[in-house]
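Chain and residue survey
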Number of protein chains: 2
Amino acid sequence: MFEQIDQEMRKRHVQAIIVFGETTLADPNLTYVAGGTLARGGVYVKRVGQKPILVTSNLDIGTARKSGRVERIETFTQWGLEKLTARFGRTEALPRLLDEILRKKRIKGRVVLCGRNDLASGTYLIDRLRRLGVRVSGESSPTILEAARETKDRKEIEEIRSVGKKTVRVVTAISDTLKSMKRKRGHLAIGKRRATVGAVKALILSNLAAEGLTAPEGTIFAVGPSSADPHNSGIRTDEIKEGKLIVFDIFPQAESGYWFDLTRTFIVGRASLKDRRLYEAVHEAQTECLDFMRAGTTGEAAMSKACDVIERRGYRTIRDIYQRKATNISSGFIHSLGHGVGLTIGERPYLSFLSKEPLKSGQIVTVEPGIYLPRYGGARIEDTVLITSKGIDNLTSVDKEFELT
Amino acid sequence: MFEQIDQEMRKRHVQAIIVFGETTLADPNLTYVAGGTLARGGVYVKRVGQKPILVTSNLDIGTARKSGRVERIETFTQWGLEKLTARFGRTEALPRLLDEILRKKRIKGRVVLCGRNDLASGTYLIDRLRRLGVRVSGESSPTILEAARETKDRKEIEEIRSVGKKTVRVVTAISDTLKSMKRKRGHLAIGKRRATVGAVKALILSNLAAEGLTAPEGTIFAVGPSSADPHNSGIRTDEIKEGKLIVFDIFPQAESGYWFDLTRTFIVGRASLKDRRLYEAVHEAQTECLDFMRAGTTGEAAMSKACDVIERRGYRTIRDIYQRKATNISSGFIHSLGHGVGLTIGERPYLSFLSKEPLKSGQIVTVEPGIYLPRYGGARIEDTVLITSKGIDNLTSVDKEFELT
């Protein structure tokens, strides 16, 4: 949570953090501290125990104020950036601006630079600031901001819940379409078009657009054998046929910068016994994990529970590698159980055998067991859920239908 | 162009560049060297005069091969990243992996780290590599990759041309819709919905989706007074009314990572004399610039030409500031003429009074004069064009209609 920033700074003996960049686009840390998007980026400076300032372009000042995260918003012009640029050039203007801000705020202790910036210019900046006497310090993972971002506050939870509702509407629209497909000249059809992965993806995109969501990392809609590879996003020309496993994994982002992650596995028509067994194993593993997880349990324990169910059902799991029974597994439950979701689509906390820390109230994570049978197909079910002291609050209010009939 | 990388490295006495990151999303440099998107990022290492290697996740190796930019593709597993992570932790694994690669390639000279990464971890990495004896160097702007990316090769030009054609189809669909609006109960309507900025934006999004484009930085559709602010993206509840200035600025990105930038100014119905004068001044300025520009002319000269036309027509320009006739202007042509477009929506070369370098064949830039009358409205016309030795090749093949009737 945002309030942890001071605490984390004190713990690490950091006197100030500077978060900056030319855009908030795909920069979770700058989006986080600015409280929203800034088209032309900004410079956020916080001294431990004090209120921060945010320096932005004149053009972004309205947006910055609206977000309400930072009280004191100033402009590059007020800090003389244009003059520094005219006098010293673009590269030299930034370290001089930062140095000026640090002087005015009498910051002489350790300073951490944050924000996603190209490292070639970043290295220059770090070296230049150090020559100016600034004590620039690096951070090992988790950084101050990663640690703060790991637990969500009420406003963030409501935003992710809202992205979830929109995502659910998109998924429902797609499953409704799959249910209502008619057969035309021997092929399933969506409207007048043959029902291919490409046709479904076009429909997904227009449904996302109607909800004001985008999918910067794409969408997985994998049919048949390609569903056996958890990261195959689907082959556009693949046709949707009755009785084939379909893994539909959607991870959209809202304008606020927050993401959501949801996976359903479908079969159009009736499933074979083999596919039903596969699906039931995944479904049981997910249900057990959702029932088990709450603040205080560890990611490791949840992962272990998922493996228990899946192994009992006769499939292999990645636990074999951790127990050194195998060096590699290609079939079964071959990935970890989940990951945090927020201003990125994959962040702390992670739910894997390496996750020894207890989960905390306010964390938002995916719970997504999957089983994959190479060259045949796979099944994965994924909800995004909020951890609370009593259990999980499932932000994913859509049925787990398997056979679409 | 890509081939310039070696030349730029030699000029700057850099023995190797390492471009890396956890995703190519919004990282133009990593996208550029990888030749496409890598969901889980990668590490690209190039020694001067030698062929590069690209180390990626097992899951991205197919995508990486398909792009064809890098011949030698290896995996994190081959380089033992998982083992390094298990042994030393996430933070320490990366410097050890990079150090290992540099040793194997016998790189002992200056190394530049590139790729968009959070600087808190970046600082740690730089310091750690230096302690391991790596000579990490910073770069002032333009960096090696910015210099290479400034001129586009044939494949890039064709990609941007194709994004342009798609963008033009979206703009045409929107202007066709605006032309065909009917009046319902005293208000213009789009289908059954009242014609608001929000309704048009929803239509823009679904048209973008149908073309496989996204708009990560939004779209400007500003009506009436809000069009007077070049960065106001439009007020969702504003109604579209006859006789009001509309600035429609669209800047979508394709899956390849390449962008396009296009602005048109419309009036639904008939324009007043004042608005016609405004539009004609912008149109003449743009036409004169497009006729004038070619390889060898400078951005400064083009900017100057735009100001000549606009001032002759009786409006103020930002030249007043450069000539110290004013410290601030709020009315007239208040921004610069244009900027490069490629894997970002604003990059070198810039067309402003500070652009003294001659333009080069293969550069792709926007040409976008605009005139703004505060609290009243504005007009801007923008094409994205390719610079050639003979003149410009306009990648924006859509009419400049003003009155939509």
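As a further point, take the overall build of chain A. When helices and strands are counted, chain A shows twelve helices and 21 strands. Over its C-alpha atoms chain A spans a radius of gyration of 24 Å, differing by no more than 12% from the 22 Å that the globule rule assigns to 405 residues. Projected onto its principal axes, the C-alpha coordinates of chain A cover approximately 70 × 50 × 35 Å. Considering chain A as a whole, with its 405 residues, one finds that 49% of them fall into the buried category. Long-range contacts, defined here as pairs at least 24 residues apart, represent 64% of the contacts in chain A between residues at least 6 apart.

This brings us to the interface of chain A and chain B. Counting from both sides, the interface comprises 39 residues of chain A and, opposite them, 39 residues of chain B. Listing elements by their share of the side of chain A that touches chain B, those giving two or more residues are α5 (90-104), β5 (110-114), β6 (116-118), α6 (119-131) and α9 (197-210) of chain A. At eight residues, α6 of chain A tops the list of elements feeding residues into the side of chain A that touches chain B. By residue class, the composition of the side of chain A that touches chain B is 18 nonpolar, 15 polar and six charged. The pairing of β6 of chain A with strand β6 (residues 116-118) of chain B spans three bridges and is antiparallel. Residue pairing for β6 of chain B: arginine 116 of chain A is matched across the bridge by aspartate 118 of chain B.

A separate point is the domain arrangement of chain A. For interface size, the figure often reported is the accessible area lost on association. Residues and elements named next belong to chain A. In terms of domain boundaries, chain A breaks down into domain 1 (4-149) and domain 2 (154-404). Placing a centre on the C-alpha atoms of domain 1 and another on those of domain 2 gives a separation of 37 Å. When residues of the side of domain 1 that touches domain 2 are traced back to their parent elements, those giving at least two are α2 (28-34) and α7 (144-149). The leading source of residues in the side of domain 1 that touches domain 2 is α2, at three residues.

What connects the two chain copies is a rotation about an axis and a shift along it. It takes a turn of 180° to lay chain A on chain B, together with a shift of 0.0 Å along the axis; the resulting RMSD is 0.0 Å. The transformation relating the two chain copies, once decomposed into turn and shift, fits a two-fold axis. Take the interface residues of chain A: 100% of them recur as interface residues in chain B, which is what a same-surface contact looks like.

This part is about the packing of helix α8 (residues 154-179) of chain A against α9 of chain A. Residues and elements named next belong to chain A. It is at 9 Å that the axes of α8 and α9 come closest, and there the two elements cross at 145°. Seen along the crossing, α8 lies across α9 with a hand that is right-handed. Every residue of α9 that contacts α8 at Val170, Ala173, Ile174 and Thr177 is listed here: Val200, Leu203, Ile204, Asn207 and Leu208. A per-class count over the contact of α8 with α9 returns seven nonpolar, two polar and no charged.

With that settled, the discussion passes to the pairing of strand β9 (residues 187-190) of chain B. Residues and elements named next belong to chain B. Pairing analysis gives three bridges linking strand β8 (residues 182-184) to β9, with the strands arranged antiparallel. In the sheet register, arginine 183 faces β9, and the bridge partner there is leucine 188. Counted between consecutive antiparallel strands, the loop separating β8 from β9 contains two residues, among which arginine 185 sits at a positive phi close to 45°. Of the pairings in the sheet, the one linking β9 to strand β10 (residues 193-194) comprises two bridges and is antiparallel in character. Note on β10: the bridge partner recorded for isoleucine 190 is arginine 193. Here β9 folds back onto β10, and the loop between the two strands holds two residues, one of which, glycine 191, carries a positive phi near 60°.

Here we take up the sheet that holds β8 of chain B. Ordered by their spatial adjacency, three strands build an open sheet running β8-β9-β10 (chain B), and the pairing between neighbours is antiparallel. Pairing within the sheet leaves two strands with one partner each, and these edge strands are β8 and β10 of chain B.

Moving on to the sheet that holds strand β2 (residues 42-47) of chain A. Residue and element names in this part refer to chain A. In spatial order, the strands read β4-β3-β2-β1-β5-β7; together these six strands make up an open sheet with mixed pairing. Lying at the two open borders of the sheet, with one neighbouring strand each, are β4 (72-75) and β7 (135-136). Relative to β5, strand β1 (residues 16-21) runs parallel, the two being bridged by four bridges. Within the sheet, the bridge partner assigned to isoleucine 17 lies in β5 and is valine 112.

The biggest cluster of nonpolar side chains holds 230 residues, and the ones touching the most others in it are Ile18 and Ala306 of chain A together with Ile18 and Ala306 of chain B. The residues touching alanine 306 of chain B, leaving out its near neighbours within four places in the chain, are Ala285, Cys289, Phe333, Leu337 and Pro369 of chain B.

In this model, chain A carries a mean pLDDT of 95, and residues with pLDDT of at least 70 account for 100%. Confidence estimates for the predicted assembly give a pTM of 0.92 and an ipTM of 0.92.

For the rest of this paragraph, the subject is unusual backbone geometry. Between serine 141 of chain B and the following residue, proline 142 of chain B, the backbone shows a cis peptide bond with an omega angle of -5°. Of note, proline 142 of chain B is situated in the loop between β7 (135-136) and α7 (144-149). Here the bond from arginine 348 of chain B into proline 349 of chain B is cis, since omega is -5°, no more than 30 degrees from zero. Within the secondary structure, proline 349 of chain B sits in strand β17 (residues 347-351). Residue histidine 13 of chain A is not a glycine yet carries a positive backbone phi of 55°. Checked against the element boundaries, histidine 13 of chain A lands in the loop between α1 (4-11) and β1. Non-glycine residue arginine 324 of chain A carries a positive phi angle of around 60°. Along the chain, arginine 324 of chain A falls in the loop between α12 (319-322) and β14 (338-340). Note on arginine 324 of chain A: 7 C-beta atoms within 10 Å, which makes it exposed.

Each value, and the rule that gives it
- Residues numbered from 1 in each chain as written.
- Chains lettered and ligands numbered in written order.
- Predicted model: local features only at pLDDT ≥ 70, side-chain atom pairs only at ≥ 80, totals over all residues.
- Helix = DSSP H or I, 4+ residues; strand = E, 2+ residues; numbered from the N terminus.
- Rg over C-alpha atoms; globule rule 2.2 N^0.38 Å.
- Buried ≥ 20, exposed ≤ 12 C-beta atoms within 10 Å, placed from the backbone.
- Contact = placed C-beta atoms within 7 Å.
- Nonpolar A, V, L, I, M, F, W, Y, C, P; charged D, E, K, R; others polar.
- Pairing = 2+ DSSP bridges.
- Domains from an automatic or database assignment.
- Least-squares fit on C-alpha atoms with pLDDT ≥ 70 in both.
- Axes fitted to C-alpha atoms, helices over the stretch in contact; angles between N-to-C directions.
- Left-handed = near helix turned anticlockwise from the far one by under 90°.
- Core = buried A, V, L, I, M, F, W, Y, C linked by C-beta atoms within 7 Å.
- pLDDT = per-residue confidence, 0-100.

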